[in-house]
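If you want the building blocks of each chain, they are given just below.
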Amino acid sequence: MDLLSGTYIFAVLLACVVFQSGAQEKNYTIREEMPENVLIGDLLKDLNLSLIPDKSLTTPMQFKLVYKTGDVPLIRIEEGTGEIFTTGARIDREKLCAGIIVDTRCFYEVEVAVLPDEIFRLVKIRFLIEDINDNAPLFPATVINVSIPENSAINSRYALPAAIDPDTGINGVQNYQLIKGQNIFGLDIIETPEGEKMPQLIVQKELDREEKDTYVMKVKVEDGGFPQRSSTAILQVSVADTNDNHPVFKEDEIEVSIPENAPVGSSVTQLHATDADIGENARIHFYFSNLVSSMAKRLFHLNSTTGLITVKEPLDREESPNHKLLVLASDGGLMPARAMVLVNVTDVNDNVPLIDIRYIINPINGTVVLSENAPLNTKIALITVTDKDADHNGRVTCFTDHEVPFRLRPVFSNQFLLETAAYLDYESTREYAIKLLAADAGKPPLNQSSMLLIKLKDENDNAPVFTQPFISLSVPENNSPGTQLTKISATDADTGRNAEIHYLLGIDAPSEFNLDHRTGILTAVKKLDREKQEKYSFTVLAKDNGMPSLITNATVLVTILDQNDNSPIFTHNEYNFYVPENLPRHGTVGLITVTDPDYGENSAVTLSILDANDDFTIDPQTGVIQPNISFDREKQESYTFNVKAQDGGRVSHSSTAKVTINVVDVNDNKPVFVVPPSNYSFELVPPSANPGTVVFTVVAIDNDTGMNAELRYNIVGGNTKGLFMIDQTTGNITLKEKCVLADLGLHKLIVKAKDLGQPDSLFSVINVNLFVNESMTNATLIYELVRKNIETPVTQNVETTDTSSPSSDYVKIVVAIVAGTITVILVIFITAVVRCRQSPHLKAAQKNKQNSEWVTPNPENRQMMIMKKKKKKHTPKNLLLNFVTIEEAKADNADNDRNTVTLDLPIELEEQAMGKCNWGTTPTTFKPDSPDLAQHYKSASPQPAFQIQPETPLNSKHHIIQELPLDNTFVGCDSISKCSSSSSDPYSVSECSYPVTTFKTPVSVHTRLPMKEVARPHTPMKETTTVEIWTHPQPQRKSEGKRTIKMKKSWYREPK
């Protein structure tokens, strides 16, 4: 019971192992001697592999026949379909199953591996070899000699040697026939317990040796195959003398066991036979039947006399575990006794285990080549271990002798799969020599070893590695094209083509560089210029030759070192500075800017003045020019010198620029009267002169220039009768009305000549004596009258400035009208008393009264003044009423209609409190193409500034200051403003501030309309001065639209 339980448990465990290992068995039946390419079966269908769920297979399903190296397989299998076919090798059942006696079933086994690893399974295929009738039965000898006693009774039987047929079953021996028996002998067939058919010769008639002692016949043997096969032998029967008793064995069947290591000569068994006869008929002879195999006859010896069976040659249980010895005992008679001796050879542990390696991955020269990327559980070989011994002596285990990334997984009782147990790495271990050990369970155990070589195939699984992932190098500029910069190197842990590295430039690499694909040498193929680009950063690539190739990149930073290859560069080839003549000594003239594209000491620039000029100094680092002298434009208008810029390189470079300093005029000269030469001169005026006749011309000069030399003439005193008027521009004194008798005599005019200088205008006053008479008879008397007239005070309305545009409010006008009316009445009354007969003088007084009315050339201003009169009730006598009119107009060409926007701003200031404008001017750098002093100023300052237009032709003696470039500064102020100079930089500033109303307007100066278009008619009692300043929203050409600022200044004084 215990033995059965153990067997059951072992079978269950074996089934579990087979199931878990994916092992299967499949049986097929084939006939021997089948021709080549006969379809035996289809594993895909027979194993239902088509029902395997669809998986993501690395490779298609494959069937691989696993067989021992050197063996010639009897079948082949289509790897893709699993179909099994016969091969050209002969399938011979008798050869495959030679020595098998008991079991008539003959099997041929092979293993098939189903790949890939995702669906791996091992299938054991057993082929049952069916016998065909390919062998004819044969007798042991072609002549069979039989001796029969002459007294044999009828129907006596005598055994004949049996024929042998290697085929089995129906194809074995089935029938015997006696040919030419002569009716004396017959033949019968009996079947032994083992199923063997034995022929027996039957005596059918009485024999008489003396009559005939020998009979010759034929015996035929036939099998049952198709086609039927047969053979014959000659049967020769000799009639012998009588022997009545047959020998008899004590035991008909004897079973003995003997160890296979029994020495030669050892006794196997002792046979015992007896014979009832006596004498010679009782002498028994022992011999082996012809049915005993030749192997048994070779291994065992039978003593013919004693019947002792001994070991003749060493036994081998593995060669044949049992032997059947059919022993015959004969006393010389025709019927020998029969005894069957069954010899069982018992096992001893005399065989070492055998290791059979059947490769799933075909080896190359005995070595398995395996990719290092092989996945886990990759099947390499089927290891079959066998031991010819039996039981425990034949139970074998298999293992490896050391730690390797491979394992043996059992699939059948004596078969193991060698598969990968860990990931492989060619770079760490390139080949493995796996020692397989097989040991049996005998005592003592025997073992065997076998070596299995596995070489790993390198795969491209390692990318190149740069020795420096970040490569930084410095290169001097101005290199020669093709200069080698550095050698870039990378390594690859792979081998062969997988380790061959090609170097490439990244897509961001500039065209100035080249990288040798093979050596990795980086060269500069172009001349490098630090001033164009100081640093280059790009990537380089290392690419191996693997499939697919792997790429690694590194960053290269190339820094270009500076060389002193550039000269200092002035911002302008020529500098023009404009400074006021009142600039203090050591003030700031301007700034020279120099650049050097080089770097470091090579770009450190030092400035100096050439030509040993002591009038000016320049700061070597900042480039600020300062004067060592005081300027006087009237003495020298400009200064010119050269400035040198030199860098600090070892081999220094230098450059020069021309500097011109233009002295800008400042209004520092008062007008000087030339005509009349003095206050004591006089001019004769004939009374017959018509109104409008020029009776005298006042001439004054001003040593300044531009607007500072523009003069305006006004009669500010005398002219009590209002007989004369003066042209503001020309100085022509004309007769206002026809002289009457009362006008004869000396007339004193106080004439003021005022320049238009900025910020403060200057003036001079002179007495102009006009003697109205037909002739000059006594000059001494006239000079005396002039002297006395000078000594007599005269009411003067001499303005310190008339640049403002006065206007009167309502109260002042009322007071003035009342005072004027009273004065006129008194004049009329006195005149009526003195010259009651002179009606023309009365008419003149009435005319003066009418002309004392306020007249303004601008009707809009008149409306504004009337509105102001309602708001102002009391104003001091000497107040100035100013109106500033701002007009904005488009271009005054023929295609555009003028579009004007007017804004009137009143400004009231007492004459004594009029602010002075402080001129704060600091020069700046001019562009090389800037115009000279003959042009006009334009403000480049971010602060608002007034700018003045020229009013005289350029070829006039007293010309104006024309426009300067945009980077120069000019400050303009009216006479009632206070100006201060400030700016974001110390060389360009201007700002005007006003005590009552701040009026800031950045403007651009353009040529002004002629004065005849600006001046309007006015009366001697009231005069209007208009200053037009054209501006536009943004700098434009002179032909573009302009904005106009009109400043109307009207002043009023009471007539005397």
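The structure presented is a predicted model; accordingly, all values stated were derived computationally and were not measured. (Residues numbered from 1 in each chain as written. Predicted model: local features only at pLDDT ≥ 70, side-chain atom pairs only at ≥ 80, totals over all residues. Heavy atoms only, no water.)

**Focus: the overall build of the chain**
- A count of helices and strands for the chain gives nine helices and 64 strands.
- Counting over 1056 residues, the chain shows a buried share of 46%.
- Of the contacts formed within the chain by residues at least 6 apart in sequence, a portion of 71% connects residues at least 24 apart.
- Per element, the accessible surface of the chain, about 53300 Å² overall, is 52% carbon and sulfur. (Helix = DSSP H or I, 4+ residues; strand = E, 2+ residues; numbered from the N terminus. Buried < 20%, exposed > 50% of the residue type's maximum accessible area, 1.4 Å probe, protein only. Contact = heavy atoms within 4.5 Å. Areas by Shrake-Rupley, 256 points an atom, 1.4 Å probe, with all protein chains shown as cover.)

**Some words on the side chain of Thr-86**
- The residue Thr-86 is located in strand β5 (residues 83–86) in this model.
- A residue is classified by how much of its surface remains accessible, and Thr-86, at 1% relative accessible area, is buried.
- Within the local environment of Thr-86, its side chain forms a polar contact with the backbone oxygen of Pro-35, the two atoms lying 2.4 Å apart.
- A polar contact of 2.9 Å, which involves the side chain of Thr-86, links it to the backbone nitrogen of Val-38.
- The contacts of Thr-86, once residues within four sequence positions are left out, are Met-34, Pro-35, Glu-36, Asn-37, Val-38, Ile-40, Leu-74, Ile-75, Arg-76 and Ile-91. (Polar contact = N/O pair within 3.5 Å; in protein donor to acceptor, adjacent residues only side chain to side chain.)

**So, the sheet that holds strand β56 (residues 732–735)**
- Read from one edge to the other, the open sheet built from three strands follows the order β52-β56-β55, with strand pairing classed as antiparallel. Of all strands in the sheet, those bounded by a partner on one side alone are β52 (694–697) and β55 (724–726). The mean inter-strand angle of the sheet, taken between neighbouring strand axes irrespective of direction, is 25°.
- Where β52 lies against β56, three bridges are found, and the strand directions are antiparallel. When the sheet's bridge partners are listed, Thr-697 is paired in β56 with Asn-732. (Pairing = 2+ DSSP bridges. Axes fitted to C-alpha atoms, helices over the stretch in contact; angles between N-to-C directions.)

**Examining the state of the cysteines**
- With the rule as written, the count across this model stands at one disulfide.
- Cys-97 shares a disulfide with Cys-106; S-S distance 1.5 Å. Between Cys-97 and Cys-106 the sulfur-sulfur dihedral comes to about 85°; the bridge is accordingly right-handed. Take Cys-97 and Cys-106: they sit in the same class, and that class is buried. (Disulfide = S-S within 2.5 Å.)

**What about the packing of aromatic side chains?**
- What the rule picks out here adds up to 15 aromatic pairs.
- For the pair Phe-406 and Tyr-432, a centre-to-centre distance of 5.3 Å together with 80° between the ring planes defines the contact as edge-to-face. Of this pair, Phe-406 sits in strand β28 (residues 406–412) while Tyr-432 sits in strand β30 (residues 431–440); the two residues are 26 residues apart in sequence, bridging distant segments of the chain.
- Owing to a relative accessible area of 4%, Phe-406 belongs among the buried residues under this scheme.
- Relative accessible area serves as the criterion here: at 14%, Tyr-432 is assigned to the buried category.
- Each ring, one from Phe-682 and one from Tyr-783, has its centre 4.9 Å from the other, and the planes form 75°; the classification is edge-to-face. A residue pair is termed long-range when its members are at least 10 positions apart, and Phe-682 in strand β51 (residues 682–685) and Tyr-783 in helix α5 (residues 779–791) qualify at 101 residues.
- What makes Phe-682 buried here is its relative accessible area of 16%.
- Joined through ring pairs, the aromatic side chains of Phe-616, Phe-631, Tyr-639 and Phe-641 make up one cluster.
- Its end group placed over the ring of Phe-412, Lys-124 keeps NZ or CZ at 4.8 Å from the ring centre. (Phe/Tyr/Trp six-rings, centres within 6.5 Å; stacked < 30°, edge-to-face > 60°. Lys NZ or Arg CZ within 6 Å of the ring centre and 35° of its normal.)

**Looking at the sheet that holds strand β39 (residues 535–544)**
- Across the sheet, four strands lie side by side as β33-β40-β39-β36; this open sheet has mixed pairing. Each having just a single partner strand, β33 (470–476) and β36 (501–505) make up the two edges of the open sheet. For this sheet, the mean angle separating the axes of adjacent strands, direction not counted, is 25°.
- In terms of strand pairing, β33 meets strand β40 (residues 551–561) through seven bridges, oriented parallel. Paired with Leu-473 across the bridge in β40 is Val-558.

**Some points on the confidence of the model for the chain**
- In this model, the chain carries a mean pLDDT of 75, and residues with pLDDT of at least 70 account for 74%.
- Per-residue pLDDT stays below 50 along residues 840–1056; that stretch engages in 507 contacts with residues further than four places along the chain or on separate chains. (pLDDT = per-residue confidence, 0-100.)

**Focus on the nonpolar core**
- Residues Phe-249, Leu-271, Phe-286, Ile-309, Leu-325, Val-327 and Val-341 are the most contacted members of the largest nonpolar core, which totals 29 residues.
- For this core, the element with the highest residue contribution is strand β23 (residues 337–346), accounting for six residues.
- Those residues in contact with Phe-249, other than ones at most four positions away along the chain, are Leu-271, His-272, Ala-273, Phe-286, Val-327, Leu-328, Ala-329, Ala-337, Arg-338 and Ala-339. (Core = buried A, V, L, I, M, F, W, Y, C linked by side-chain atoms within 4.5 Å.)

**A closer look at the environment of Ile-551**
- Along the polypeptide, Ile-551 turns up in strand β40.
- Judged by its relative accessible area of 49%, Ile-551 falls in the partly exposed class.
- Considering only alpha carbons, one finds Ile-551 and Pro-464, 87 residues apart in sequence, at a separation of 6.6 Å.
- Non-local contacts of Ile-551, meaning those with residues more than four positions away in its chain, are made with Leu-541, Ala-542 and Lys-543.

**Description of the side chain of Arg-358**
- Within the secondary structure layout, Arg-358 lies in strand β24 (residues 354–359).
- A polar side-chain atom of Arg-358 sits 2.3 Å from a polar atom in the side chain of Glu-111.
- In terms of polar contacts, Arg-358 uses its side chain to reach the side chain of Asp-356, at 2.7 Å.
- Residues contacting Arg-358, with those up to four places away along its chain left out, are Val-66, Tyr-67, Lys-68, Glu-111, Ala-381, Leu-382, Thr-384 and Gln-415.

**Quick word on the pairing of strand β57 (residues 745–755)**
- With respect to burial, β57 is a largely interior element, 10 of its 11 residues being buried.
- Across 10 bridges, β57 lies against strand β58 (residues 763–772) in antiparallel orientation. When the bridges of β58 are listed, Leu-749 appears paired with Val-768.

**Re the pattern of salt bridges**
- For the structure on display, the rule yields 26 salt bridges.
- Between Arg-90 and Asp-92 there is a salt bridge, with its nearest N and O atoms 3.4 Å apart.
- With its nearest N and O atoms 2.7 Å apart, the salt bridge here joins Asp-356 to Arg-358. One exposure class covers both Asp-356 and Arg-358, and it is buried.
- Bridged by salt links that share partners, the residues Glu-111, Lys-124, Asp-356 and Arg-358 form one connected network. (Salt bridge = Lys/Arg side-chain N within 4 Å of Asp/Glu carboxyl O.)

**Looking at the environment of Ser-761**
- Along the chain, the position of Ser-761 falls in the loop between β57 and β58.
- Considered as a pair, Ser-761 and Asp-668 are 93 residues apart in the sequence and their alpha carbons are 9.2 Å apart.

**Re unusual backbone geometry**
- Each neighbour pair has its own omega, and for Leu-115 with Pro-116 the value is 5°, a cis peptide bond.
- With respect to the helices, strands and loops of the structure, Pro-116 is situated in the loop between β6 (107–115) and β7 (121–130).
- Look at the link from Met-547 to Pro-548: it is a cis peptide, with omega at -5°.
- Looking at the secondary structure, you find Pro-548 in the loop between β39 and β40.
- Residue Asn-155 is not a glycine yet carries a positive backbone phi of 75°.
- Among the structural elements, Asn-155 can be located in the loop between β8 (143–149) and β9 (157–159).
- Overall, Asn-155 belongs to the exposed group, its relative accessible area being 56%.

**Section: a nonpolar patch on the surface**
- On the surface, a nonpolar cluster with roughly 340 Å² of combined accessible area is contributed by Val-814, Val-818, Ile-822 and Leu-826.
- The residue Val-814 is located in helix α6 (residues 810–834) in this model. (Patch = residues over 30% accessible without salt bridge, like charges linked within 9 Å, V, L, I, M, F, W, Y side chains within 5 Å.)

**Quick look at a negative patch on the surface**
- On the surface, a cluster of negative charge is made up of Glu-194, Glu-196, Glu-251, Asp-252 and Glu-253.
- For Glu-194, the location among the structural elements is in the loop between β11 (185–191) and β12 (197–203). (Lys, Arg positive; Asp, Glu negative; His and termini not counted. Charge placed at Lys NZ, Arg CZ, Asp CG, Glu CD.)

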